[in-house]
Amino acid sequence: KNLETNLLEINNSIKKIGFENTANIYSVSNTANNGGLIGWLSEIQISGQINQNIKDLKVGEISKPIKIQNGYILIRVNDKMELKQEINFEEELEKKIIQEKNRQLNNFSMIYFKRLKKNVEINEN
């Protein structure tokens, strides 16, 4: 079916039986069993394309179809929350530096271990 026909059918279903029941029927996502509920997400957890399409939606509104890899999605905003969080840039930078340093040290350790393993000869006498 084409997109417009499907969208009309889905919108009629949403009006008749609600978003959750319609998600159970039409969605191919793992969240279909949950009525399409994906839970709380922050802006950085979703793609820029999806964020652009839903950022101006009011609570209870449903997005226009959003093109994704496997087809299209419709998103309903159940609730919004704004969190103000102060971030200590220096502290966060230090954490990232330590993470990267540990990652590199682990890589160097594995390289050294593999080199030792390759060069070691075992004599069975």
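Fair warning: this is a prediction, and the values are worked out from it, not measured in the lab.

*Asks:* Where do I start with the packing of aromatic side chains in this structure?
*Replies:* Two numbers describe a pair of aromatic rings. These are the distance of the centres and the angle of the planes. According to the stated counting rule, one finds zero aromatic pairs in the structure shown. Between the NZ or CZ atom of Lys 67 and the centre of the ring of Tyr 72, over which it lies, the distance is 5.2 Å.

*Asks:* Any chance you could explain helix H2 (residues 19–26) here in plain terms?
*Replies:* Residue pairs spaced three or four apart in an α-helix point in one direction, given the helix's 3.6 residues per turn. Listed as buried for H2 are Phe 19, Thr 22 and Ala 23. Along H2, the residues classed as buried sweep out an arc of 105° about the axis, all on the same side. Considering only its buried residues, H2 is in contact with helix H1 (3–17).

*Asks:* Just checking my understanding: could you explain the side chain of Asn 51 for this structure?
*Replies:* Inspection of the secondary structure assignment puts Asn 51 in helix H3 (residues 48–54). On the accessibility criterion, Asn 51 (15% relative accessible area) is buried. Excluding residues within four positions of it along the chain, Asn 51 makes contact with Glu 43 and Ile 46.

*Asks:* Explain a nonpolar patch on the surface to me, please; I cannot follow it from the model alone.
*Replies:* Residues Ile 17, Ile 25 and Tyr 26 make up a contiguous nonpolar surface patch of roughly 280 Å² in combined accessible area. For Tyr 26, the position within the fold is in helix H2. Note on Tyr 26: relative accessible area 35%, which makes it partly exposed.

*Asks:* Can you walk me through the side chain of Ser 13 in this structure?
*Replies:* On the secondary structure map, Ser 13 appears in helix H1. Since its relative accessible area comes to 11%, Ser 13 is described here as buried. If near-sequence neighbours (up to four positions away) are discounted, Ser 13 is found in contact with Gly 18, Thr 22 and Tyr 26.

*Asks:* Is there a simple way to explain the pattern of salt bridges in this structure?
*Replies:* Side-chain pairs of opposite charge can arise where the charged atoms are in close proximity. All told, the structure shown has five salt bridges when counted by the stated rule. Between Glu 20 and Arg 76 there is a salt bridge, with its nearest N and O atoms 2.5 Å apart. Note that Glu 20 is positioned in helix H2 and Arg 76 in the loop between strand E2 (71–73) and helix H4 (89–119), a separation of 56 residues in sequence. On the basis of relative accessibility, which here comes to 35%, the residue Glu 20 falls in the partly exposed class. Two residues, Lys 95 and Glu 91, come together in a salt bridge whose shortest N-O distance is 4.0 Å. Placement of both Lys 95 and Glu 91 in helix H4 is noted, with a separation of four residues, approximately one turn of the helix. Relative accessible area serves as the criterion here: at 44%, Lys 95 is assigned to the partly exposed category. Overlapping salt bridges bring together Glu 91, Glu 92 and Lys 95 as one network.

Conventions used here
Residues numbered from 1 in each chain as written. Predicted model: local features only at pLDDT ≥ 70, side-chain atom pairs only at ≥ 80, totals over all residues. Heavy atoms only, no water. Phe/Tyr/Trp six-rings, centres within 6.5 Å; stacked < 30°, edge-to-face > 60°. Lys NZ or Arg CZ within 6 Å of the ring centre and 35° of its normal. Buried < 20%, exposed > 50% of the residue type's maximum accessible area, 1.4 Å probe, protein only. Helix = DSSP H or I, 4+ residues; strand = E, 2+ residues; numbered from the N terminus. Arc of directions from axis to C-beta. Contact = heavy atoms within 4.5 Å. Patch = residues over 30% accessible without salt bridge, like charges linked within 9 Å, V, L, I, M, F, W, Y side chains within 5 Å. Areas by Shrake-Rupley, 256 points an atom, 1.4 Å probe, with all protein chains shown as cover. Salt bridge = Lys/Arg side-chain N within 4 Å of Asp/Glu carboxyl O.

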